[in-house]
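Close look at the chain arrangement
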Amino acid sequence: MEIWINPDCSKCRSALSVLDAEKADYTVRRYLDDPPSEQELRDVLGRLGLEPWDITRTGESAATGLGLDGWPRDAANRERWITALATHPALIQRPIITADDGSAVVGRTEEAVRSALPDR
């Protein structure tokens, strides 16, 4: 299992606490220092069952600078969104947990984090 985090994020720290309490085996990826490629984002979006605009932090200054609020949220613009996320990783919602079974979740709640854990 891998978790994409920003160590300054309280939701990320909470997710790590849950994983540690459950003695989960995981790898931390500080995605601001090690940004995902466009292909990795496509893969994670497929695992999440979401579109890039669904995991975009539109309140970030980079989003304002890019004018993301005005970007169409459709298939024709999907790659544009993915490129923006890869270029500006601060726009990626966090934490994202990819589980060994191929699933993934945006772990903003304790329940979501627990859903990524293997059945025991």
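Everything that follows concerns the structure shown earlier in this document.
These remarks concern the structure in this document. Small disclaimer: the values here were computed from a predicted structure and weren't measured.

Here we come to the environment of Gln39. Here Gln39 lies in helix H2 (residues 38-48). Taking relative accessible area as the criterion, Gln39 reaches 43% and is therefore assigned partly exposed. For Gln39 and Thr83, which are 44 residues apart along the polypeptide, the C-alpha to C-alpha distance reads 9.8 Å. Within the structure, the side chain of Gln39 is placed 2.9 Å from the side chain of Asp43, a separation counted as a polar contact.

Here the focus is the pairing of strand S1 (residues 2-5). Where S1 meets strand S2 (residues 27-30), 4 bridges bridge the pair, whose relative direction is parallel. Residue Glu2 lies in a different strand from S2, and its bridge partner there is Thr27. Tracing the backbone out of S1, into helix H1 (residues 10-21) and back to the parallel element S2 gives a crossover that is right-handed. Where S1 and strand S3 (residues 96-98) come together, 3 bridges link them in antiparallel fashion.

In an α-helix, one turn spans 3.6 residues, which is why side chains three or four residues apart end up on the same side. Over its 12 residues, H1 extends 16 Å from the first C-alpha to the last, a length consistent with the 16 Å expected when each residue adds 1.5 Å. Listed in full, the buried residues belonging to H1 are Cys12, Ala15, Leu16, Val18 and Leu19. One side of H1 holds all its buried residues, which, seen down the axis, span an arc of 160°. Phi turns positive one or two residues past the end of H1, at Lys23, with a value near 55°.

Ranked by internal contacts, the top residues of the largest apolar core, which has 20 residues, are Leu41, Ile55, Ile92 and Ile96. Looking at this core element by element, the count peaks at 5 residues for helix H4 (residues 78-87). When near neighbours in sequence (up to four residues on either side) are disregarded, Ile96 contacts Glu2, Ile3, Trp4, Val44, Leu48, Ile55, Val105 and Val106. Among the nonpolar cores identified, the runner-up in size contains 15 residues, and Ile3, Val18, Leu19 and Leu117 belong to it.

Taken as a whole and judged by the stated rule, the model has 8 salt bridges. The salt bridge involving Glu38 is made with Arg42; its shortest N-O contact spans 3.4 Å. Here Arg42 and Glu38 lie together in helix H2, a separation of 4 residues that amounts to about one turn. Residue Glu51 is joined to Arg78 by a salt bridge in which the shortest nitrogen-to-oxygen separation is 2.6 Å. Of this pair, Glu51 sits in the loop between H2 and helix H3 (61-66) while Arg78 sits in helix H4; the two residues are 27 residues apart in sequence, bridging distant segments of the chain.

So, how was this worked out
Residues numbered from 1 in each chain as written. Predicted model: local features only at pLDDT ≥ 70, side-chain atom pairs only at ≥ 80, totals over all residues. Heavy atoms only, no water. Helix = DSSP H or I, 4+ residues; strand = E, 2+ residues; numbered from the N terminus. Buried < 20%, exposed > 50% of the residue type's maximum accessible area, 1.4 Å probe, protein only. Polar contact = N/O pair within 3.5 Å; in protein donor to acceptor, adjacent residues only side chain to side chain. Pairing = 2+ DSSP bridges. Right-handed = clockwise from strand over helix to strand, strands pointing away. Expected span 1.5 Å × (residues − 1). Arc of directions from axis to C-beta. Core = buried A, V, L, I, M, F, W, Y, C linked by side-chain atoms within 4.5 Å. Contact = heavy atoms within 4.5 Å. Salt bridge = Lys/Arg side-chain N within 4 Å of Asp/Glu carboxyl O.

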